Amino acid sequence: MDFAAISPASQEAVRRALQYWVEHWDFECPTLFGIELEGLEQVLEHWPTVVSGADQTVALATLGALREMLYGASSVPASQVPAVIGLSYEQAHALCSEIHSIVKPVLS
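Below or above, wherever it landed, is the structure these notes cover. All values derive from a computational prediction rather than experimental measurement.

A look at the overall build of the protein chain
And then number 1: Counting its regular elements, the protein chain contains six helices and zero strands.
And then number 2: For the protein chain, the N- to C-terminal ordering of α and β elements is α-α-α-α-α-α.
And then number 3: Relative to the 2.2 N^0.38 estimate, which gives 13 Å for 108 residues, the radius of gyration of the protein chain is 12 Å and therefore close to what a compact globule would have.
And then number 4: In terms of overall dimensions, the protein chain has C-alpha extents of about 35 × 35 × 25 Å along its principal axes.
And then number 5: A burial count over the protein chain gives 40% of its 108 residues as buried.

Concerning the environment of Glu28
And then number 1: Examined against the element boundaries, Glu28 turns out to sit in the loop between helix H1 (8-23) and helix H2 (29-33).
And then number 2: Note: C-alpha distance between Glu28 and Ser74 (46 residues apart in sequence) is 9.9 Å.

As for unusual backbone geometry
And then number 1: With omega at 5°, the peptide bond leading from Trp47 into Pro48 counts as cis.
And then number 2: The residue Pro48 is located in the loop between helix H3 (37-46) and helix H4 (55-71) in this model.

Some thoughts on the environment of Val22
And then number 1: Assignment of secondary structure puts Val22 in helix H1.
And then number 2: For the pair formed by Val22 and Ile35, sequence separation is 13 residues and the distance between their alpha carbons is 12 Å.
And then number 3: Residues within four places of Val22 in sequence aside, it is in contact with Leu37, Leu40, Glu41 and Leu44.

Quick notes on the pattern of salt bridges
And then number 1: Across all of its chains, the model carries one salt bridge by this definition.
And then number 2: Between Glu12 and Arg15 there is a salt bridge, and its shortest N-O distance comes to 2.6 Å. Here Arg15 and Glu12 lie together in helix H1, a separation of three residues that amounts to about one turn.

Concerning the environment of Gly72
And then number 1: Within the secondary structure, Gly72 sits in the loop between H4 and helix H5 (81-85).
And then number 2: Using a relative accessible area of 14% as the deciding quantity, one classes Gly72 as buried.
And then number 3: Each C-alpha atom, one on Gly72 and one on Phe33, is 11 Å from the other, the two residues being 39 residues apart in sequence.

A closer look at the packing of aromatic side chains
And then number 1: Tallying each qualifying case throughout the model produces four aromatic pairs.
And then number 2: An angle of 55° between the planes, with centres 4.7 Å apart, marks the rings of Phe3 and Trp47 as tilted. Linking Phe3 in the segment before H1 with Trp47 in the loop between H3 and H4, this pair joins segments that are 44 residues apart in sequence.
And then number 3: A relative accessible area of 2% places Phe3 in the buried class.
And then number 4: Take Trp47: its relative accessible area is 11%, and that puts it in the buried class.
And then number 5: Here the aromatic residues Tyr20, Trp21, Trp25 and Phe33 are joined through ring pairs into a cluster of three or more.

Cut-offs and rules
- Residues numbered from 1 in each chain as written.
- Predicted model: local features only at pLDDT ≥ 70, side-chain atom pairs only at ≥ 80, totals over all residues.
- Heavy atoms only, no water.
- Helix = DSSP H or I, 4+ residues; strand = E, 2+ residues; numbered from the N terminus.
- Rg over C-alpha atoms; globule rule 2.2 N^0.38 Å.
- Buried < 20%, exposed > 50% of the residue type's maximum accessible area, 1.4 Å probe, protein only.
- Contact = heavy atoms within 4.5 Å.
- Salt bridge = Lys/Arg side-chain N within 4 Å of Asp/Glu carboxyl O.
- Phe/Tyr/Trp six-rings, centres within 6.5 Å; stacked < 30°, edge-to-face > 60°.

In structure tokens:
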């Protein structure tokens, strides 16, 4: 997976989404993300670098962080997305699609 293909602003938005979920992790998150908190923390620690052997965890963390932020039961109101990740809701939606296209081969 090559996250260098996304802009620095988009990389920062993903980092902020990952950080948001580290801070707001609850009992449902392992089911929603498909990973444990420790996996999310590891991805955040190394973001945007992908640690060897952690492709699936990175894919689930990055896509899950954006999807849950935008569309999940615990989603952030659209008007608050810019304050949380630094992108408008529409930009975040486009970024979610971009991340999905990057991680899709790992999740297939």
